[in-house]
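Okay, here's what each chain looks like letter by letter:
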Amino acid sequence: MASGTRKIVEVLNGKTVTPPPVWLMRQAGRYLPEYRETRAKAGSFLDLCYSPDYAVEVTLQPIRRYGFDAAILFSDILVIPDALQRQVRFDEGHGPRMQPLASEDIPALAAMPVLDHLQPVIETVRRLRIELPTETALLGFCGAPWTVATYMIAGHGTPDQAPTRLFAYREPKGFAALLDILAEKSAEYLIAQIDAGADAVQIFDSWAGVLGENEFAAYAVKPVRRIIDLVKARRPQAKIIAFAKGAGLFLKDYREGTRADAIGLDWTVPLSFAADLQKEGPIQGNLDPQRVVAGGDALRDGIDAILQALGNGPLIFNLGHGITPQADPANVAALVDRVRGISR
Ligand SMILES: Cc1c2[nH]c(c1CCC(=O)O)Cc1[nH]c(c(CCC(=O)O)c1C)Cc1[nH]c(c(CCC(=O)O)c1C)Cc1[nH]c(c(C)c1CCC(=O)O)C2
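Positions within a chain are numbered from 1, following the residues in the order the chain's sequence is written. Residue-level local features of this predicted model are given only where pLDDT is at least 70; pairs of side-chain atoms are given and counted only at 80 or more, and the full residue set underlies all totals for whole chains, interfaces and linings.

A.B. asks: Would you take a moment to explain the UniProt feature "domain: Uroporphyrinogen decarboxylase (URO-D)" (unreviewed entry) in the chain for this structure?
C.D. replies: Within the UniProt annotation, "domain: Uroporphyrinogen decarboxylase (URO-D)" (unreviewed entry) is assigned to residues 21-30 and 139-155. Runs of E in the DSSP output that reach at least two residues are strands. Runs of H or I that reach at least four are helices, and both are numbered from the N terminus. When the span residues 21-30 is considered, its composition is 0% helix and 0% strand, and the gap between its end C-alpha atoms is 23 Å. The straight-line gap between the two end C-alpha atoms of residues 139-155 is 28 Å; of that span, 59% is helix and 29% is strand. UniProt positions are given in the numbering used here, feature names are shortened, and annotations may be inferred rather than shown by experiment.

Written as structure tokens, this is what we have:
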């Protein structure tokens, strides 16, 4: 099967597919018992990301269970700072940590190669394309420079990214240089994923929602546009989804500003506004992940509202952010059936 006939690729080409293709952000993860089992064998979280045997296995687990229309490479957005020697680690119960970045550390990052370090991830992509069913699209991904920078500057996650907002106001030149470096490294990484067999790639800007107007333009739109320009200059056929969580009204110009083929929407985006955005091109989203935890009517009503508002245009059905560890795997099965119009 040519990749062009995979449903998600059709939607990314602007077609309306009925029922819409479906996958879920973080579909491989702790809500699945088989993930927890593999995770326990693999050692640390980064060991799992850098071991093609285990990473292929956990990527395939949700495909076997649910037959999603896409598999997403199992890795993390923080493998880029790890490749840039920021000593990333995931401590149990604490989330990611790394060496906080100071402005004097920034110039040296430009000369650091990342692809050597990321070869195991690229190998995972290559093996996945061989092992996946032909009809299943394979998605690669990276973090957007802004979101990756927030972890690099603070050295860990924070609720509002205050340390990085402050850094950007105090050191605008150094911060712009950091975003440029991250955009270039990320573009190289995405091209390698596409060459290894990814049908499309998603850029995750999970912390876009903390930015003011000028900062959204400079730190969210501009670096993502730079990645997309670099990727498309070298791989014109590449398909790219850009997901800026919390971007709200700024989404109006996000597609045009970034030139993404599709934009991802979080669950706070009103469906009427989403329908307007869909007139300009494909969209992805936007069910509240807590509806998957709740199940029952909350799940069904949320799905039906999205299908009714957005099902007649180019749509990739997804959550508005990653699925949480509390989700019941049976509710995910019910979600996929409902999106596909299967009643049990
Ligand atoms: C901000 C961000 C990160 N990582 C990612 C983002 C952007 C999307 C988002 O906002 O959720 C992206 C990501 N992380 C992971 C994937 C795998 C593919 C998928 O199934 O979607 C993807 C696409 C696996 C993961 N990445 C992580 C886990 C859990 C770690 C574990 O299994 O112990 C998984 C399955 C760890 C991680 N990684 C990150 C954090 C903050 C954490 C800790 C929080 C948490 O535990 O959920 C950084």
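A.B. asks: Looking at this model, I keep getting lost on the packing of helix α13 (residues 271-279) against helix α15 (residues 296-310). Mind explaining?
C.D. replies: In a pair of packed helices, the angle between the axes and the distance between the axes together describe the arrangement. Two elements in contact, α13 and α15, have axes separated by 9 Å at closest approach and are oriented at 40°. When the axes of α13 and α15 are compared, the crossing they make is right-handed. The segment α13 lies against α15, with L271, A274, A275 and Q278 engaging A305, I306, A309 and L310. When residue character is reported, Ala, Val, Leu, Ile, Met, Phe, Trp, Tyr, Cys and Pro are called nonpolar, Asp, Glu, Lys and Arg charged, and the others, Gly included, polar. Split into classes, the residues belonging to the contact of α13 with α15 amount to seven nonpolar, one polar and no charged. Note on geometry: axes are lines fitted to C-alpha atoms, helical ones only across the stretch in contact, with angles between N-to-C directions running from 0 to 180 degrees. Two helices that cross are described as forming a left-handed crossing if the nearer one is turned anticlockwise from the farther one by less than a right angle, and a right-handed crossing if clockwise. We call two residues in contact if the C-beta atoms placed from their backbones are at most 7 Å apart.

A.B. asks: Can you walk me through the nonpolar core in this structure?
C.D. replies: One broad trend across soluble globular proteins is that nonpolar side chains are buried collectively. Residues enter a nonpolar core if they are buried, belong to Ala, Val, Leu, Ile, Met, Phe, Trp, Tyr or Cys, and are joined to the set through C-beta atoms within 7 Å. To assign burial, the other C-beta atoms lying within 10 Å of each residue's own C-beta are counted, with C-beta atoms placed from the backbone; 20 or more indicates buried, 12 or fewer indicates exposed, and intermediate counts indicate partly exposed. L139, A200, A220, I240 and A242 are the most contacted members of the largest nonpolar core, which totals 113 residues. Sequence-distant contacts of L139, that is, excluding residues within four places in its chain, are made with A70, A71, I72, L73, A198, D199, A200, V201 and Q202.

A.B. asks: Is there a simple way to explain the UniProt feature "binding site: substrate" (unreviewed entry) in the chain in this structure?
C.D. replies: Summarizing the sequence annotation, UniProt attributes the feature "binding site: substrate" (unreviewed entry) to R26, Q27, A28, G29, R30, D76, Y151, S206 and H321 in the numbering used throughout. Sequence-wise these annotated residues cover 296 residues; spatially they are dispersed, their C-alpha atoms as much as 22.6 Å apart. Assignment of secondary structure puts S206 in the loop between β5 (200-205) and α11 (213-234). The exposure class of S206 is buried, given the 21 C-beta atoms found within 10 Å. Ignoring anything within four residues of it in the chain, the contact list for S206 reads T147 and K245. A residue is classified by how many C-beta atoms lie within 10 Å of it, and H321, with 23 of them, is buried. In this structure H321 touches M25, K245, D266 and P289, once residues within four positions along its chain are discounted.

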